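Now for the letters of each chain:
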Amino acid sequence: MSKSIHITKKNFKGLTKAELDEQAQDPNSELTEWARKSAIKREVKKNRKNEKSN
């Protein structure tokens with residue numbers, strides 16, 4: 001079964017630039033998890049598109 005990542009842009013609403021920069025430096029932060037989730041979603045969409053065209 002796949003692992004779900006339950007993080008959205010709403011998790012970052014109201015944070016200052018300094019707080020976001022701090023999260024960008026931390027490898028275990030929500031910002032890093034969100035970036036990983038976005039990369040997975042892009043890859044899945046790309047694979048789905050390639051399978052559809054073949």
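Let me sum up the structure you'll find in this document.

Moving on: the overall build of the protein. Within the protein, the secondary structure is distributed over 2 helices and 0 strands. Considering only C-alpha atoms, the protein reaches an extent of 45 × 25 × 20 Å along its principal axes. When the accessible area of the protein is evaluated, it comes to approximately 5100 Å², of which 52% is carbon and sulfur surface. Between the mean site of the 14 positive side-chain charges and the mean site of the 8 negative ones, the protein shows a separation of 12 Å.

Under the definition given, this model contains 2 salt bridges. The residue D21 makes a salt bridge to K17 at a minimum N-O spacing of 3.7 Å. A residue pair is termed a helical-turn pair when its members lie 3 or 4 positions apart in one helix, as D21 and K17 do in helix α1 (residues 17-25) at 4 residues. Judged by its relative accessible area of 38%, D21 is partly exposed. Note on K17: relative accessible area 63%, which makes it exposed. Here E33 and R36 are joined by a salt bridge, their closest N and O atoms 2.6 Å apart. Taken together, the positions of E33 and R36, both in helix α2 (residues 30-53) and 3 residues apart, correspond to about one turn of that helix. Since its relative accessible area comes to 36%, R36 is described here as partly exposed.

The subject of this paragraph is the side chain of S29. Structurally, S29 is set in the loop between α1 and α2. Overall, S29 belongs to the buried group, its relative accessible area being 7%. A polar contact is formed between the side chain of S29 and the backbone oxygen of Q23, at a distance of 2.7 Å.

Right, let's get into the side chain of Q23. Within the fold, Q23 resides in helix α1. One polar contact links the side chain of Q23 to the main-chain amide nitrogen of L31, over a distance of 3.5 Å.

Reading the values: rules and limits
- Residues numbered from 1 in each chain as written.
- Predicted model: local features only at pLDDT ≥ 70, side-chain atom pairs only at ≥ 80, totals over all residues.
- Heavy atoms only, no water.
- Helix = DSSP H or I, 4+ residues; strand = E, 2+ residues; numbered from the N terminus.
- Areas by Shrake-Rupley, 256 points an atom, 1.4 Å probe, with all protein chains shown as cover.
- Lys, Arg positive; Asp, Glu negative; His and termini not counted.
- Charge placed at Lys NZ, Arg CZ, Asp CG, Glu CD.
- Salt bridge = Lys/Arg side-chain N within 4 Å of Asp/Glu carboxyl O.
- Buried < 20%, exposed > 50% of the residue type's maximum accessible area, 1.4 Å probe, protein only.
- Polar contact = N/O pair within 3.5 Å; in protein donor to acceptor, adjacent residues only side chain to side chain.

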